[in-house]
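Residue strings, one per chain:
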Amino acid sequence: MSNSKKIKSALISVFYKDNLEPVIKKLNELGVTIYSTGGTQTFIENMGLPVVAVESLTSFPEILGGRVKTLHPKIFGGILGRRELDSDVAQMEAHDIPNIDLVIVDLYPFEETLASGASEEDIIEKIDIGGISLIRAAAKNFNDVVIVSSRNDYASLLKLLNEKNGASDLSDRKTFAAKAFAMSSHYDSAIFNYFNTTEQLPILKHSINNGSTLRYGENPHQKGVFYGDLEAMFEKLNGKELSYNNLLDVDAAVNLMADFTTEPTFAILKHNNACGVASRPTIFEAYTDALAGDPVSAFGGILISNTEIDFETAEAIHQLFCEVVIAPSYSETALTLLKSKNNRIILVQKPTALPTKLIRTLLNGIVEQDKDSVTETKANLTTVTNVAPTEAQLKDLLFANKLAKHTKSNTIVIVKNNQLLASGTGQTSRVDALKHAISKALSFGFDLKGAVMASDAFFPFADCVEIAHKVGIDTVIQPGGSIKDKDSIEYCNAKGMSMVFTGTRHFKH
């Protein structure tokens, strides 16, 4: 698959000129004729190197404020002409069209302009026309042409020019072409998504350019790749690479902690569910009480704090085997201690906007939904019983409701004094979820008298409030909405229990 071809001419027209100079110097050294236009032409001229203006080739100037520069048959003919097809060669000779063997073109920064909050006029002007056309043309004719569509590939091109003395093999050209089509499709997806914000056409275009191969997927026999920029969200200070399962747990931890912002809070997660959470005046107390919620499940878990981890807390964490520790910062002594275990993954979480949409494969397609961004406050609660919860109970109810939102359905969450006592997770029956939570809380010695209960969905019968009451739980939060809500309300009234409705279900599957 060699099909080696010498690069004799190049078209260079780029927005970003970082690290371009060594490439141009090498092309000049190899005797390559360089065609260029606009700012790139000026850049090359300022280097004191020869360059041919595109206008002298096309006999046509830039027009429309630079909107039309390279859209000309002499340019595209030189790129698309098939060198081994006699009819193409004859037409190119008849029209005095030179071969162009290398195209170095990048695109106007559309995504960067959009992210900057620029005006619509500026955004539209950053929709590249000539560049994208040149990229696609050169990539299509990979049999004869090398296409470099990103400044990230300048180093690869320079290496190729040095190692093969200005020639390229078919495999080289095909690799560059694949990168070019990836670039062009990503660019077009970004533009489509910009235009689709108001019309909401039922079309999904989602493109991520960077991927990281994982050690394996959910199990060792499964392959796994993460697509995205983890470095934008975390600074990794220690430990091995994050696995597929680590990433799932880290995602659950980050989304959970996003709902706890006012007090020092610590959470411990296992298999995407919280097994310990507590809010306290200090992060050490929060960690201590989070661990007390389920010290068994905490083994091998994911730990997350919403405030700096100090040395006292790090000393306590150090006694536990855990996979990952996440915090916005660490004291110097805390970090030194935590890093003493080589495989322990330590992450600093950076302020990063989380996605507002959730996407997953389903059957023979993909399903997309809005992220569950509802977090109830006191203003969202409606007391439906004769007895109203106290201020302290309301605080616990909201705490428990946040946990229910982030726990696999069906779930029941039991909380007392801003501490997770236990939860029943992922049960097929809400009654089973409650029984599991009660059993677990009692097994760790918790007194359920005065605790509150949260449910991710309504109670279709009165059985759950009845079971809860028998173990001392007299305050309940749930969405409501069952045709039999009255049964649960009447039981609560009969037993002097308080119950509030949120009006919002929080299923999580």
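These notes cover the structure that comes with them. Keep in mind it's a predicted model, so treat the numbers as computed, not measured.

**Some words on the overall build of the chain**
Phase 1: When helices and strands are counted, the chain shows 18 helices and 23 strands.
Phase 2: Scaling as 2.2 N^0.38, a compact globule of 509 residues should have a C-alpha radius of gyration of about 23 Å, whereas the chain reaches 31 Å, well beyond that.
Phase 3: In the chain, which comprises 509 residues, the share counted as buried stands at 46%.
Phase 4: When contacts within the chain are restricted to residue pairs at least 6 apart in sequence, those whose partners lie at least 24 apart make up 56%.
Phase 5: Within the structure as shown, the chain displays about 25000 Å² of accessible surface, and the carbon and sulfur contribution to it stands at 52%.
Phase 6: Measuring between centres, the 50 positive side-chain charges of the chain sit 5 Å from its 60 negative side-chain charges.

**Some remarks on the sheet that holds strand β20 (residues 420–424)**
Phase 1: Here we have six strands laid out as an open sheet, ordered β18-β23-β22-β21-β19-β20, and mixed in their pairing. At either margin of the open sheet sits one strand with a lone partner, and together these are β18 (382–383) and β20.
Phase 2: Sheet topology note: the strand β19 (residues 412–415)/β20 ladder contains four bridges and is antiparallel. Bridge pairing in β20 places V413 opposite S423.

**With respect to the packing of aromatic side chains**
Given two aromatic rings, one states the distance between the centres and the angle between the planes to describe the pair.
Phase 1: Under the counting rule described, the total for this entry stands at eight aromatic pairs.
Phase 2: Look at F110 and Y194: their rings are 5.9 Å apart centre to centre, the planes differ by 80°, and that puts the pair in the edge-to-face class. With F110 in helix α6 (residues 110–115) and Y194 in helix α10 (residues 170–199), this pair connects stretches of sequence that are 84 residues apart.
Phase 3: Since its relative accessible area comes to 0%, F110 is described here as buried.
Phase 4: Plain terms: the ring middles of F266 and Y287 are 5.0 Å apart, the flat faces sit at 75° to each other, and that makes the pair edge-to-face.

**Structural notes on the nonpolar core**
Phase 1: Counting residues in hydrophobic clusters, the biggest one holds 50 residues, and the most contacted among them are L27, I79, L102, V103, I104, I147 and L157.
Phase 2: Top element by residues in this core is α10. It accounts for seven residues.
Phase 3: Residue contacts for L157: discarding those within four places in its chain leaves V23, L102, I104, V146, V148 and F176.
Phase 4: In this structure, I304, I345, L397 and L398 belong to the second largest nonpolar core, which totals 37 residues.

**Concerning the pattern of salt bridges**
Phase 1: Scanning the model with the defined rule gives 21 salt bridges in all.
Phase 2: Residue E29 pairs with K26 through a salt bridge whose shortest N-O separation is 3.0 Å. One end of the pair, E29, and the other, K26, are both in helix α1 (residues 21–29), three residues apart, so they sit about a helical turn from each other.
Phase 3: Exposure remark for E29: the relative accessible area of 59% places this residue in the exposed category.
Phase 4: The partner of K240 in a salt bridge is E323, with the nearest N and O atoms 3.8 Å apart. One end of the pair, K240, is in the loop between β10 (234–238) and α11 (244–257); the other, E323, is in strand β14 (residues 322–327), and 83 residues separate them in sequence.
Phase 5: Among the charged side chains, a network of salt bridges with common partners joins K5, E84 and D144.

**So, the state of the cysteines**
Phase 1: Throughout the structure, instances matching the rule amount to zero disulfides.
Phase 2: With no disulfide partner, C322 has as its closest neighbouring cysteine sulfur the one in C275, 11 Å distant.
Phase 3: A relative accessible area of 4% means that C322 is categorised as buried.
Phase 4: With no disulfide partner, C464 has as its closest neighbouring cysteine sulfur the one in C492, 11 Å distant.
Phase 5: Exposure remark for C464: the relative accessible area of 1% places this residue in the buried category.

**A short note on the packing of α1 against helix α9 (residues 154–163)**
When two helices pack together, their arrangement is given by the angle between their axes and by how far apart the axes lie.
Phase 1: Viewed as axis vectors pointing N to C, α1 and α9 meet at an angle of 25°, and their least axial separation amounts to 9 Å. As far as their axial angle goes, α9 and α1 are roughly parallel. Crossing of α1 over α9 shows left-handed handedness. Between α1 and α9, the contacting residues are P22, V23, K26 and L27 on the first element and Y154, L157, L158, L161 and N162 on the second.
Phase 2: Taken together, the residues that form the contact of α1 with α9 break down as seven nonpolar, one polar and one charged.

**A closer look at helix α18 (residues 485–495)**
Phase 1: D485, S488, I489, Y491 and C492 are the residues of α18 that are buried. What you see down the axis of α18 is that its buried residues fit within an arc of 160°, all on one side. Residues of α18 that are exposed and point more than 90 degrees away from the buried face comprise K486 and A494.
Phase 2: Where α18 is buried, its residues touch α17 (463–470) and β23 (498–501).
Phase 3: Looking at the residues trailing α18, positive phi occurs at G496, about 70°.

**Observations concerning the environment of R82**
Phase 1: On the secondary structure map, R82 appears in the loop between α4 (73–80) and α5 (86–94).
Phase 2: Note on R82: relative accessible area 45%, which makes it partly exposed.
Phase 3: Within the local environment of R82, its side chain forms a polar contact with the side chain of D88, the two groups lying 2.6 Å apart.

**Things to note about the side chain of R280**
Phase 1: With respect to the helices and strands, the residue R280 is situated in the loop between β12 (273–279) and α12 (283–293).
Phase 2: We classify R280 as buried; its relative accessible area is 15%.
Phase 3: Separated by 2.6 Å, the side chains of R280 and D289 make a polar contact.
Phase 4: When residues no more than four places from it in sequence are discounted, the contact partners of R280 are P264, E285, A286, D289, N417, N418 and Q419.

Conventions we followed
Residues numbered from 1 in each chain as written. Predicted model: local features only at pLDDT ≥ 70, side-chain atom pairs only at ≥ 80, totals over all residues. Heavy atoms only, no water. Helix = DSSP H or I, 4+ residues; strand = E, 2+ residues; numbered from the N terminus. Rg over C-alpha atoms; globule rule 2.2 N^0.38 Å. Buried < 20%, exposed > 50% of the residue type's maximum accessible area, 1.4 Å probe, protein only. Contact = heavy atoms within 4.5 Å. Areas by Shrake-Rupley, 256 points an atom, 1.4 Å probe, with all protein chains shown as cover. Lys, Arg positive; Asp, Glu negative; His and termini not counted. Charge placed at Lys NZ, Arg CZ, Asp CG, Glu CD. Pairing = 2+ DSSP bridges. Phe/Tyr/Trp six-rings, centres within 6.5 Å; stacked < 30°, edge-to-face > 60°. Core = buried A, V, L, I, M, F, W, Y, C linked by side-chain atoms within 4.5 Å. Salt bridge = Lys/Arg side-chain N within 4 Å of Asp/Glu carboxyl O. Disulfide = S-S within 2.5 Å. Axes fitted to C-alpha atoms, helices over the stretch in contact; angles between N-to-C directions. Parallel < 35°, antiparallel > 145°, perpendicular 65-115°, else oblique. Left-handed = near helix turned anticlockwise from the far one by under 90°. Nonpolar A, V, L, I, M, F, W, Y, C, P; charged D, E, K, R; others polar. Arc of directions from axis to C-beta. Polar contact = N/O pair within 3.5 Å; in protein donor to acceptor, adjacent residues only side chain to side chain.

These figures come from the coordinates and say nothing about function on their own.
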